[in-house]
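Coordinate inspection notes
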Amino acid sequence: LGTGVGKDLKKAAELFQKAAKNGDTEGKFMLGLLYDNGEGLKQNKERAIELYREAATSGYMRAQANLASMYYAGEGMKADKEMAFYWYAKAAEHGNTDAMRRIGELYDGGQFVGQDISKGIQWYQKAASSGDVISMLSLAMMYEHGKNVDKDLNQAREWYQKAANAGSEEAAKQLKKMDMMLFN
C-alpha cells in the first residue's frame, strides 16, 4: 500500500473493491484489511471476516493468519478456538511464521489443544528456523530457565545468539548477561 507513491486509502479501497468483485484473492484480503483497520473505509469487522474467509479458503496465507487471529480473539464474532487453531495450521502450512509460533504457544500452554511441550517446541523451532525472532527468544528463555524442558544454558545461549544475529536487542542484552555468568 502506497509504496513509491502517496498513500490514498480511499482510492486503494476503490481499487481493492474492484479487484475483489472480480474474484482477485489478494484484492479480497487487502479490502478485508482496510475494513478490519477502518482505513479508507468505515471499520467493519464482519465484512473483514467475510473477505478474509473468502481469501483464506482460496489458500491466501495472510488471510488465513488474520482470520485465525480474529477467531482466537473473538473480533467481530464469537471466539472459536477450534477454528482459530484450524486457520493457524493452514497459515503455518503455507509458511506463516507468526502462525507457527502461535501454534507453538498453544501447545506449550495447553490452550484448547491439550498441552504437548514437544509439539510446542517443534513449532517454535519451525518458526525460529524460518526467521521468527520471537520464537528464538521463547526457545532461549525455555532453555535458560528450564521451563518445560531440561535447563540447558548452551542451548539457551545458542538461541539468544541467533535472535541477536537477527537484530533482537533484547537477545543481545540476555546474551551479554549469560556470557558474564558462563565465562566469568
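First, a word on scope: everything that follows refers to the structure included in this document. (Residues numbered from 1 in each chain as written. Predicted model: local features only at pLDDT ≥ 70, side-chain atom pairs only at ≥ 80, totals over all residues. Heavy atoms only, no water.)

Here we take up the overall build of the protein chain. In terms of regular secondary structure, the protein chain is built from 10 helices and 0 strands. N-terminal to C-terminal, the α/β element order of the protein chain is α-α-α-α-α-α-α-α-α-α. By its C-alpha atoms, the protein chain is 65 × 40 × 25 Å across when sized along the principal axes. For the protein chain, the proportion of its 184 residues judged to be buried stands at 41%. Considering only contacts in the protein chain between residues 6 or more positions apart, those separated by 24 or more positions represent 36%. For the protein chain, the computed accessible surface area is about 10000 Å², with 48% contributed by carbon and sulfur atoms. The positive charge centre, built from 25 side chains, and the negative charge centre, built from 25, are 3 Å apart in the protein chain. (Helix = DSSP H or I, 4+ residues; strand = E, 2+ residues; numbered from the N terminus. Buried < 20%, exposed > 50% of the residue type's maximum accessible area, 1.4 Å probe, protein only. Contact = heavy atoms within 4.5 Å. Areas by Shrake-Rupley, 256 points an atom, 1.4 Å probe, with all protein chains shown as cover. Lys, Arg positive; Asp, Glu negative; His and termini not counted. Charge placed at Lys NZ, Arg CZ, Asp CG, Glu CD.)

A separate point is the nonpolar core. Within the largest apolar cluster, 39 residues are counted, with the highest numbers of intra-cluster contacts made by Phe29, Leu31, Tyr52, Leu67, Tyr88 and Ile103. Listing elements by their share of this core, those giving two or more residues are helix H1 (9–21), helix H2 (25–37), helix H3 (45–57), helix H4 (61–73), helix H5 (81–93), helix H6 (97–109) and helix H7 (117–129). Of the residues forming this core, the biggest block, 7 residues, is contributed by H4. Ranked by size, the runner-up nonpolar core spans 18 residues in total, among them Met136, Leu137, Tyr143 and Met178. (Core = buried A, V, L, I, M, F, W, Y, C linked by side-chain atoms within 4.5 Å.)

A complete count under the given rule lists 10 salt bridges for this structure. Overlapping salt bridges, with partners in common, bring together Asp36, Lys45 and Glu75 in one network. (Salt bridge = Lys/Arg side-chain N within 4 Å of Asp/Glu carboxyl O.)

As a further point, take the packing of aromatic side chains. Taken as a whole and judged by the stated rule, the model has 4 aromatic pairs. With a centroid separation of 5.2 Å and an interplanar angle of 40 degrees, the aromatic rings of Phe29 and Tyr60 are classed as tilted. On the criterion of sequence distance, the pair formed by Phe29 in helix H2 and Tyr60 in the loop between H3 and H4 is long-range, its members being 31 residues apart. According to the relative accessible area criterion, Tyr60 is buried, its value standing at 19%. Clustering of aromatic rings is evident, with ring pairs tying together Phe29, Tyr52 and Tyr60. Here Arg102 stacks its cationic end above the ring of Tyr72, 4.0 Å away from the centre of that ring. The ring of Trp123 has Lys126 sitting right over it, with the charged end atom 4.3 Å from the ring centre. (Phe/Tyr/Trp six-rings, centres within 6.5 Å; stacked < 30°, edge-to-face > 60°. Lys NZ or Arg CZ within 6 Å of the ring centre and 35° of its normal.)

Let's shift gears to unusual backbone geometry. At Asn148, a residue that is not glycine, the phi angle is positive and equals roughly 65 degrees. With respect to the element layout, Asn148 can be found in the loop between helix H8 (133–145) and helix H9 (153–165).

For Arg101, a relative accessible area of 11% puts it in the buried group. In this structure the C-alpha to C-alpha distance between Arg101 and Ile49, which are 52 residues apart in sequence, comes to 22 Å. Discounting chain neighbours no more than four positions away, the residues touching Arg101 are Tyr124, Ala127, Asp132, Ile134 and Ser135.

Okay, the packing of H4 against H5 next. Running from amino to carboxyl end, H4 crosses H5 at an angle of 160 degrees, the nearest separation of the two axes being 8 Å. Regarding the angle of H4 to H5, the classification is roughly antiparallel. The hand of the H4/H5 crossing is left-handed. Contacts between H4 and H5 involve Met61, Gln64, Ala65, Leu67, Ala68, Ser69, Tyr71 and Tyr72 on the former and, on the latter, Lys81, Met83, Ala84, Trp87, Tyr88, Lys90 and Ala91. Of the residues that constitute the contact of H4 with H5, the class distribution is 11 nonpolar, 2 polar and 2 charged. (Axes fitted to C-alpha atoms, helices over the stretch in contact; angles between N-to-C directions. Parallel < 35°, antiparallel > 145°, perpendicular 65-115°, else oblique. Left-handed = near helix turned anticlockwise from the far one by under 90°. Nonpolar A, V, L, I, M, F, W, Y, C, P; charged D, E, K, R; others polar.)

Okay, H6 next. The first and last C-alpha atoms of H6 sit 18 Å apart over 13 residues, in line with the 18 Å expected at 1.5 Å per residue. Buried within H6 are the following residues: Ala99, Met100, Arg101, Arg102, Ile103, Gly104, Leu106, Tyr107 and Asp108. The inward-facing, buried residues of H6 abut H4, H5, H7 and H8. Where H6 starts, the residue carrying a side-chain oxygen 3.1 Å from the main-chain nitrogen of Asp98 turns out to be Asn96. Phi turns positive, to about 70 degrees, at Gly110, one or two residues after H6. (Expected span 1.5 Å × (residues − 1). Polar contact = N/O pair within 3.5 Å; in protein donor to acceptor, adjacent residues only side chain to side chain.)

Function cannot be read off these values alone, since they describe shape.
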